[in-house]
Amino acid sequence: MNTKATKEKGPQNRRHPRKPIRANVTYHYENVRLNRLMTGSGFTMNLSKGGALIRIETYLPPLSEIDLHIQTSDGRIVKTKARVVHCKRVAFNRYDAGVQFLTV
């Protein structure tokens, strides 16, 4: 049995298809370890009905719940809560965080 093939998720395994949409985002979350409110900004790499991949400048711990504000192309702000699924460093001060929307 090829374990690599069973662990990989392809587009056919996703509940909602991703769209390559770039939109500005801001977020904040409570860092309980440091006992402070953390804020940051970035942009979406892609969006789906269930979540997004966002490029940001600060590492977000997986399982963190964040308040995410997404600016639409017409200037409106969509506010949602999201959970960080993964966060991976892609360059110096650049991280890609996959987030799952908890509210729409």
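What counts, and at which threshold
- Residues numbered from 1 in each chain as written.
- Predicted model: local features only at pLDDT ≥ 70, side-chain atom pairs only at ≥ 80, totals over all residues.
- Heavy atoms only, no water.
- Helix = DSSP H or I, 4+ residues; strand = E, 2+ residues; numbered from the N terminus.
- Buried < 20%, exposed > 50% of the residue type's maximum accessible area, 1.4 Å probe, protein only.
- Polar contact = N/O pair within 3.5 Å; in protein donor to acceptor, adjacent residues only side chain to side chain.
- Contact = heavy atoms within 4.5 Å.
- Core = buried A, V, L, I, M, F, W, Y, C linked by side-chain atoms within 4.5 Å.

(A) Region of interest: the side chain of Asp96. By secondary structure assignment, the location of Asp96 is in strand β6 (residues 94-101). Exposure remark for Asp96: the relative accessible area of 11% places this residue in the buried category. Within the local environment of Asp96, its side chain forms a polar contact with the side chain of Arg55, the two groups lying 2.6 Å apart. Excluding residues within four positions of it along the chain, Asp96 makes contact with Met45, Leu53, Ile54, Arg55, His86, Cys87, Lys88 and Val90.

(B) Quick look at the nonpolar core. In this structure, Ile54, Leu60, Ile66, Leu68, Val99 and Phe101 are the most contacted members of the largest nonpolar core, which totals 20 residues. Going through the elements one at a time, β1 (24-31), β2 (36-47), β3 (51-56), β4 (65-71), β5 (77-91) and β6 are the ones with two or more residues in this core. If one sorts the elements of this core by residue count, β6 sits on top with four residues. Once residues within four sequence positions are removed from consideration, Leu68 is found in contact with Val25, Thr26, Tyr27, Ile54, Val78, Lys79, Thr80, Val99 and Phe101.

Honestly, it's all geometry; don't read function into it.
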